[in-house]
Amino acid sequence: MDVQTFLQLPFSERFKLLAGENGLANDITGVNILDNPQAMNWLSPGELIVTSGYFFSESSATMTEFLKSFKRLNISAICLKPQIYLNPIPKELLDLCSSLEIPLIEIPYGLAFSKILTTVMNLLANPLTESVQMALDINSKFIEYGLEDDDINFLSQKLEELL
């Protein structure tokens, strides 16, 4: 699975690609949560990094070193929940991700890191799981839309978008 495919999954419809558009073809081989600067030692090539960005907020130099390390490790993309530590998101982070071709993806505040981990690992573990996961995600989104608005035209439009 590449980053572009990841961003097209129903559960990621509210994700925002902030930078690094030229890295959308990067392959995702795994997923890892990174909120401890020491955890760099445990990363593997091709991983999708999920983070609050805490370690990016320490200093500009620290952020630059992390991103250069990510590039050397061939990290596929960074999923960032910036609302706590990186609000606003530093322009330098956006520029570095773009120049290094590492997609920087903003994830919604309410989404648990475990949802990203579970979804990605299930898809990577079994290609048949992709269709099952997509069906579950579509079902979940459709229920969510039903709770937002009970107008049949709204639900019909949303179902059409999902399919």
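The coordinates are above.
This text gives an overview of the structure that appears in the document. All figures in this text were calculated on a predicted structure; none of them were measured in a lab. (Residues numbered from 1 in each chain as written. Predicted model: local features only at pLDDT ≥ 70, side-chain atom pairs only at ≥ 80, totals over all residues. Heavy atoms only, no water.)

1. Describing the overall build of the protein chain
From N to C terminus, the protein chain includes six helices and five strands. In sequence order, the protein chain lays out its α and β elements as α-β-β-β-α-β-α-β-α-α-α. Here the protein chain holds 163 residues, and the buried ones make up 43% of them. Sequence-distant contacts, at least 24 apart, represent 67% of the contacts inside the protein chain between residues at least 6 apart. Accessible area for the protein chain stands at about 8,600 Å²; split by element, carbon and sulfur atoms hold 53% of it. (Helix = DSSP H or I, 4+ residues; strand = E, 2+ residues; numbered from the N terminus. Buried < 20%, exposed > 50% of the residue type's maximum accessible area, 1.4 Å probe, protein only. Contact = heavy atoms within 4.5 Å. Areas by Shrake-Rupley, 256 points an atom, 1.4 Å probe, with all protein chains shown as cover.)

2. Examining the pairing of strand 4 (residues 77-80)
On strand 4, burial covers both faces: Ala77 and Cys79 on one face and Ile78 and Leu80 on the other are all buried. Two elements, strand 3 (residues 47-51) and strand 4, share four bridges in a ladder whose sense is parallel. When the bridges of strand 4 are listed, Val50 appears paired with Cys79. After leaving strand 3, the chain enters helix 2 (residues 60-73) and then returns to the sheet as strand 4, a path that is right-handed. Taken together, the three bridges between strand 4 and strand 5 (residues 104-106) define a ladder with parallel strand orientation. Across the sheet, Leu80 pairs through a bridge with Glu106, a residue of strand 5. For the segment spanning strand 4, helix 3 (residues 91-100) and strand 5, crossover handedness is right-handed. (Pairing = 2+ DSSP bridges. Right-handed = clockwise from strand over helix to strand, strands pointing away.)

3. Some thoughts on the pattern of salt bridges
On inspection of all chains with the given rule, the structure shows one salt bridge. A salt bridge links Lys91 to Asp95, with the nearest nitrogen and oxygen atoms 2.9 Å apart. Here Lys91 pairs with Asp95, and both are found in helix 3, just four residues apart, close to one helical turn. Looking at Lys91, the relative accessible area reads 59%, which means it is exposed. On the basis of relative accessibility, which here comes to 40%, the residue Asp95 falls in the partly exposed class. (Salt bridge = Lys/Arg side-chain N within 4 Å of Asp/Glu carboxyl O.)

4. Topic: the packing of aromatic side chains
Any aromatic ring pair is given by two values, namely how distant the centres are and how the planes are angled relative to each other. Applying the stated criterion to the full structure yields five aromatic pairs. Taken together through their ring pairs, the aromatic side chains of Phe6, Phe11 and Phe15 make up a single cluster. (Phe/Tyr/Trp six-rings, centres within 6.5 Å; stacked < 30°, edge-to-face > 60°.)

5. As for a nonpolar patch on the surface
Together, Tyr54, Ile84, Tyr85 and Tyr109 make up a nonpolar patch on the protein surface, roughly 440 Å² of accessible area in all. Here Tyr54 is to be found in the loop between strand 3 and helix 2. (Patch = residues over 30% accessible without salt bridge, like charges linked within 9 Å, V, L, I, M, F, W, Y side chains within 5 Å.)

6. Considerations on the sheet that holds strand 1 (residues 16-19)
With mixed pairing, the five strands of this open sheet are ordered in space as 1-5-4-3-2. The outermost strands of the open sheet, each flanked by one partner alone, are strand 1 and strand 2 (30-33). Each strand of the sheet is rotated relative to its neighbour by a mean of 25°, with strand direction disregarded. Contacting strand 1, strand 4 and strand 5, helix 3 runs over the sheet at an angle of about 90° to strand 1. Set on the sheet, helix 4 (residues 113-125) makes contact with strand 2 and strand 3; between it and strand 2 the angle comes to about 160°. (Axes fitted to C-alpha atoms, helices over the stretch in contact; angles between N-to-C directions.)

7. Overview of the nonpolar core
Residues Leu34, Phe56, Leu67, Phe70, Ile78 and Leu93 are the most contacted members of the largest nonpolar core, which totals 22 residues. Of all elements in the fold, only helix 2, strand 4 and helix 3 reach the threshold of two or more residues within this core. Once residues within four sequence positions are removed from consideration, Leu34 is found in contact with Ala39, Met40, Leu43, Ile49, Val50, Thr51, Phe55 and Phe70. Ranked by size, the runner-up nonpolar core spans 20 residues in total, among them Leu7, Leu9, Ile107 and Ile116. (Core = buried A, V, L, I, M, F, W, Y, C linked by side-chain atoms within 4.5 Å.)

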